[in-house]
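Close look at the chain arrangement
One-letter residues, chain by chain:
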Amino acid sequence: MPEMPEVQGLVDFLGERVVGRTITRTSVAAIAALKTYDPSNTALHGAVISGASRRGKFIVLSCGDDLHLVFHLAKAGWLRWYETLPTTIIKPGKTPIALRVALDDGSGFDLTEAGTKKSLAVYVVRDPAEVPGIARLGPDPLDDAFTREVFAGLLDGKRTQIKGLLRDQAVIAGIGNAYSDEILHAARMSPYAIAATLDDAAIDSLFAAMQATLREALAEASGKPPAELKDAKRRGMQVHARRGETCPVCGDTVRSVFFADRSLEYCPTCQTGGKVLADRRLSRLLK
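Please read these numbers as outputs of a predicted model, since none were measured by experiment.

Digging into the overall build of the chain
Regarding its fold elements, the chain presents 9 helices and 10 strands. The C-alpha atoms of the chain give a radius of gyration of 20 Å, which matches the 19 Å a tight globule of 287 residues would have. Dimensions along the principal axes, computed over C-alpha positions, put the chain at roughly 60 × 40 × 35 Å. With 287 residues in all, the chain has 51% of them scored as buried.

What follows is the structure in structure tokens.
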């Protein structure tokens, strides 16, 4: 799933290429992906893109103050850029393409989604705050106003495992499964630690790890085209998606815990005092 660093990389890329360009056509190939009907997607035709920005994991392409194309790539979505947009006709149901956007210089992009579970979402709105997912977002962790004290306040009283809290977009915007694994590894903290029980030293460590991990990932994503962002993300991971590999910090083996639709990765030596967390998928099989 694209998370804040990759989404910001896409925003930076689009900002350089689409701002000032006119949208000549939008083609919706997956009608379920389009979550709004007023304004119509055809309202974008002839509109000049004035800005590209990010809200959490949402990308916003603004056409003035009162018309915005907003999309969320979800778990398996991506953006495919073309300097020269293909002229082939998109056949709904026969392609991974959900939306095609054509620009006046012949360039454009597709929003695509792999797999059978379709979660990619596209909105055409007068105000980005009309998108429910944006309206409920918590603060951005790299905003100047997001201080250690603000972070501590978000943890205070939360009887929630820290892994889940970091992934909760209503608490902190932009962090998902991958970077929460990386942040917790950098902080040498168990994913099952309860947020409300963290002492000042643990909060200091976690805040510093969050800032460093996200800033390093942003720097790695900066300037890369969409086709290179996924590989850049994978290369930067210390534990996420590296089950069975050697932890680069201590040399222990990276382990996984599996859930219904995802897994988490961690290093026992670095994060859990050497304890191997129960694999819930395996536990169910042994019952």
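Notes on the sheet that holds strand S4 (residues 68–72)
Pairing in this open sheet of 4 strands is antiparallel, and the strands run S2-S3-S4-S8 from one edge to the other. Every interior strand has two partners, whereas the edge strands, strand S2 (51–55) and strand S8 (121–125), have only one. Across the sheet, the axes of successive neighbouring strands diverge by a mean angle of 20°, strand direction being ignored. Across 5 bridges, the pairing between strand S3 (residues 58–62) and S4 is antiparallel. Paired with phenylalanine 58 across the strands is histidine 72, a residue of S4. Of the strands in this sheet, S2, S3 and S4 are in contact with helix H1 (residues 4–17), which crosses S2 at around 175°.

Regarding the sheet that holds strand S7 (residues 108–113)
The 4 strands are arranged S1-S6-S7-S5 in an open sheet whose pairing can be described as antiparallel. If you trace the sheet from one side to the other, it starts and ends with strand S1 (23–28) and strand S5 (77–82), each paired once. Taken over all neighbouring pairs, the strand axes of this sheet differ in orientation by 15° on average, direction set aside. Its contacts with the sheet put H1 on S5 and S7, and the angle it makes with S5 is roughly 25°.

Considering the packing of helix H3 (residues 148–155) against helix H6 (residues 200–221)
Where H3 contacts H6, the two axes come as close as 10 Å, and the packing angle between them is 115°. As for the relative orientation of H3 and H6, their crossing is right-handed in sense. Counting all contacts with H3, which are made through Arg148, Phe151, Ala152 and Leu155, the residues of H6 involved are Asp200, Ile203, Asp204, Leu206, Phe207 and Met210. The residue makeup of the contact of H3 with H6, split by class, is 7 nonpolar, no polar and 3 charged.

Looking at the side chain of serine 180
Among the secondary structure elements, serine 180 is positioned in helix H5 (residues 177–186). Residue classification places serine 180 among the buried residues on the basis of a relative accessible area of 0%. Within the structure, serine 180 has its side chain in polar contact with the side chain of lysine 163 (distance 2.8 Å). Contact partners of serine 180, with chain neighbours within four places excluded, come to Lys163, Leu166, Arg167 and Ile175.

Examining helix H7 (residues 226–236)
Given 3.6 residues per turn, any residue in an α-helix points the same way as the ones three and four places further on. Turning to H7, its buried residues number three or more, namely Pro226, Leu229, Ala232 and Lys233. Buried residues along H7 cover an arc of 100° about the axis, so they all sit on one side. Across from the buried face of H7, at angles greater than 90 degrees, the exposed residues are Ala227, Arg234 and Arg235. On its buried face, H7 sits against H1, S5, H5 and H6.

Here's the deal with the nonpolar core
One finds Leu14, Leu69, Phe71, Phe109 and Leu111 to be the most contacted residues of the largest nonpolar core, which totals 33 residues. For this core, the secondary-structure elements that each account for two or more residues are H1, S3, S4, S5, strand S6 (97–103), S7 and S8. No other element matches H1, which puts 5 residues into this core. Ignoring any residue separated from it by four or fewer positions in sequence, one finds phenylalanine 71 in contact with Leu14, Lys57, Phe58, Ile59, Leu61, Leu79, Phe109, Leu111, Ala121 and Val122. Of all hydrophobic cores here, the second largest spans 31 residues; its members include Leu165, Ala178, Ala195 and Phe207.

Scoring rules and cut-offs
Residues numbered from 1 in each chain as written. Predicted model: local features only at pLDDT ≥ 70, side-chain atom pairs only at ≥ 80, totals over all residues. Heavy atoms only, no water. Helix = DSSP H or I, 4+ residues; strand = E, 2+ residues; numbered from the N terminus. Rg over C-alpha atoms; globule rule 2.2 N^0.38 Å. Buried < 20%, exposed > 50% of the residue type's maximum accessible area, 1.4 Å probe, protein only. Pairing = 2+ DSSP bridges. Axes fitted to C-alpha atoms, helices over the stretch in contact; angles between N-to-C directions. Contact = heavy atoms within 4.5 Å. Left-handed = near helix turned anticlockwise from the far one by under 90°. Nonpolar A, V, L, I, M, F, W, Y, C, P; charged D, E, K, R; others polar. Polar contact = N/O pair within 3.5 Å; in protein donor to acceptor, adjacent residues only side chain to side chain. Arc of directions from axis to C-beta. Core = buried A, V, L, I, M, F, W, Y, C linked by side-chain atoms within 4.5 Å.

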